[in-house]
Amino acid sequence: NKVPMRTFILFLSLFLSSFCLSQNVSTKGLSFQKKVIDYGKVSNDTTLVAKFIMRNTTSKKIIINYVNPECTCTSYYVSKYEILPNDTASVVLTINTVRKFGKEKIYAIVNYGEKKMSKLTVKCDVYEK
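Residues numbered from 1 in each chain as written. Predicted model: local features only at pLDDT ≥ 70, side-chain atom pairs only at ≥ 80, totals over all residues. Heavy atoms only, no water.

1. Description of the pairing of strand β8 (residues 102-112)
Thought 1: In terms of burial, β8 is a largely internal element, eight of the 11 residues being buried.
Thought 2: Two elements, strand β4 (residues 62-69) and β8, share five bridges in a ladder whose sense is antiparallel. Along β8, the bridge assignment pairs Y66 with N111.
Thought 3: Here β8 runs beside strand β9 (residues 116-127); their pairing, made up of 11 bridges, is antiparallel. Looking at the pairing, K105 lines up with K123 of β9.
Thought 4: The antiparallel pairing of β8 with β9 creates a hairpin that spans three residues between the two strands, and G113 there sits at a positive phi of about 60°. (Buried < 20%, exposed > 50% of the residue type's maximum accessible area, 1.4 Å probe, protein only. Helix = DSSP H or I, 4+ residues; strand = E, 2+ residues; numbered from the N terminus. Pairing = 2+ DSSP bridges.)

Dropping the structure here:
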C-alpha cells in the first residue's frame, strides 16, 4: 500500500511539531504577538491573509531557516530572514478555502536558529457559499 504524498507530509509536519513539544524545545528568542489567528465563519471562496508579528528578544541576530506550511492551500511570505536584536519581522500566511468545509486548523512551522521551532495556527469555520 502506498501512502499519498499529502498524507505523508501532514504526518511529518504533525510528528515534527509534537516532537518539538515533547522535547521541550525552547522557543526563547522569538516572541510572537499571536501564534493563533481565528477568522471565525468564512465562505469557501475566501482567501485568508494572516500576519504574524515576531520580535527577536535575544542579544544576537536570529536567522529564519524556513517556514513549512502543512497544506498546499497555504503560501507564505517572510518580511526578513535575518532579525537583529529587538527588531521585528513578520510571517504572512495566505490560505485559500476552496475545497475546505467545516472547522479548519491550518498550521505552519517556523524554523529558526539551531533547532528552534514555533507553530503558527490559522483557524476558521468554512461554509459553502
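Past the structure itself, the notes keep going.
2. Here's the deal with the sheet that holds strand β7 (residues 88-96)
Thought 1: With antiparallel pairing, four strands are arranged side by side in an open sheet as β1-β3-β7-β5. Where the open sheet ends on each side, the last strands, each with one partner, are β1 (30-32) and β5 (74-78). Recorded for the sheet is a direction-independent mean angle of 25° between the axes of neighbouring strands. (Axes fitted to C-alpha atoms, helices over the stretch in contact; angles between N-to-C directions.)

3. A short note on the sheet that holds β8
Thought 1: Spatially, β2-β9-β8-β4-β6 is the arrangement adopted by the five strands of the open sheet, whose pairing is mixed. Edge strands, defined here as strands with exactly one partner in the open sheet, are β2 (36-43) and β6 (82-83).

4. Section: the nonpolar core
Thought 1: Counting 27 residues, the largest nonpolar core has L30, F52, M54, I64 and V91 as its most contacted members.
Thought 2: Of all the secondary structure elements, the ones that give two or more residues to this core are β1, β2, β3 (47-56), β4, β7, β8 and β9.
Thought 3: Setting aside residues up to four positions removed in sequence, F52 forms contacts with F32, K34, K35, V36, I37, A89, S90, V91, L93, L120, T121 and V122. (Core = buried A, V, L, I, M, F, W, Y, C linked by side-chain atoms within 4.5 Å. Contact = heavy atoms within 4.5 Å.)

5. Quick word on the environment of I64
Thought 1: Along the chain, I64 falls in strand β4.
Thought 2: You can call I64 buried: its relative accessible area is 3%.
Thought 3: C-alpha separation for the pair I64 and Y81, spaced 17 residues apart in sequence, amounts to 4.8 Å.
Thought 4: Excluding anything up to four places from it in sequence, I64 contacts L30, M54, K80, Y81, I83, V110, N111 and Y112.

6. With respect to unusual backbone geometry
Thought 1: For R99, which is not a glycine, the phi torsion comes out positive at approximately 65°.
Thought 2: Along the chain, R99 falls in the loop between β7 and β8.
Thought 3: What makes R99 exposed here is its relative accessible area of 81%.
Thought 4: The backbone phi angle of K115 is positive, close to 60°, even though this residue is not glycine.
Thought 5: With respect to the helices and strands, K115 occurs in the loop between β8 and β9.

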